[in-house]
Amino acid sequence: MKVILETERTYLREFLPSDAKFFYSLNLDPEVVRYTGDVPFASIAAAEAFIKAYDQYRVNGYGRWAVCSKDDGSFMGFCGLKYHPDEDLTEVGFRFYRKLWNQGFATETAKACIKLGFEEFDLTEIYAHADRDNHGSIRVLEKCGLSFVKPIEYDGHMANLYRLLKEDYDAN
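Computed from a prediction, not measured in an experiment: that's the story for all the values here.

So, how was this worked out
- Residues numbered from 1 in each chain as written.
- Predicted model: local features only at pLDDT ≥ 70, side-chain atom pairs only at ≥ 80, totals over all residues.
- Heavy atoms only, no water.
- Salt bridge = Lys/Arg side-chain N within 4 Å of Asp/Glu carboxyl O.
- Helix = DSSP H or I, 4+ residues; strand = E, 2+ residues; numbered from the N terminus.
- Phe/Tyr/Trp six-rings, centres within 6.5 Å; stacked < 30°, edge-to-face > 60°.
- Buried < 20%, exposed > 50% of the residue type's maximum accessible area, 1.4 Å probe, protein only.
- Lys NZ or Arg CZ within 6 Å of the ring centre and 35° of its normal.

Colleague: Requested: an account of the pattern of salt bridges, with residues and values cited.
Modeller: The full count for this structure, using the stated rule, is 11 salt bridges. Of the charged contacts in the structure, one is a salt bridge between Glu 14 and Lys 2, with a shortest N-O distance of 3.9 Å. Note that Glu 14 is positioned in the loop between strand S2 (10-13) and helix H1 (20-28) and Lys 2 in the segment before strand S1 (3-6), a separation of 12 residues in sequence.

Take a look at the structure:
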């Protein structure tokens, strides 16, 4: 198991095929995928096929990572960086089980991923897309220092684009 980084309460690691059951159950919750444009996996096998085909670590050196509890190692969701070649930008993104919302995990892990992006991958800017009605995610992005850039259409939804420049980044 390759641990990418640690936060106070979590560690982030690369996805494993054994995470398929967690991805499947995470995306089954309609509230979790409400603003994502994603549909639930058809089966655990489909989630496993997604993980096995996930090539972002090899292609870009980074990607989304499984977030696990330091207390018991349980899968909590995912967070990380994603390169969008069509837009030539890297975004930070996150998704957690609903039972873990409003506990600071998204902010804690997103901040750590942003730090990693700037300090280890030498990114000059990090973006995020958030559905305009997804007030929880917007609050997380703002707590992480990202600022509103402009309204956009993203995955068929009206969204907002946010950005943090490395020169404006405060590691504290």
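Colleague: Outline the packing of aromatic side chains, listing residues and values.
Modeller: In this structure the tally under the stated criterion is 15 aromatic pairs. Taking the centre distance of 6.0 Å and the plane angle of 75° together, the rings of Phe 148 and Tyr 162 count as edge-to-face. Separated by 14 residues along the polypeptide, Phe 148 in strand S7 (residues 147-154) and Tyr 162 in strand S8 (residues 157-165) bring together distant segments of the chain. You can call Phe 148 partly exposed: its relative accessible area is 48%. Ring pairing ties together the aromatic residues Phe 15, Phe 22, Phe 23, Phe 41, Phe 50, Tyr 54, Tyr 57, Phe 75, Phe 78 and Tyr 97, which thus form one cluster. If you follow Arg 9 out to its NZ or CZ, it ends over the ring of Phe 105, 3.9 Å from the centre. Across the ring face of Tyr 97, the terminal group of Lys 99 is positioned such that the distance to the ring centre comes to 5.7 Å.

Scope: geometric values only; no functional claims are made or implied.
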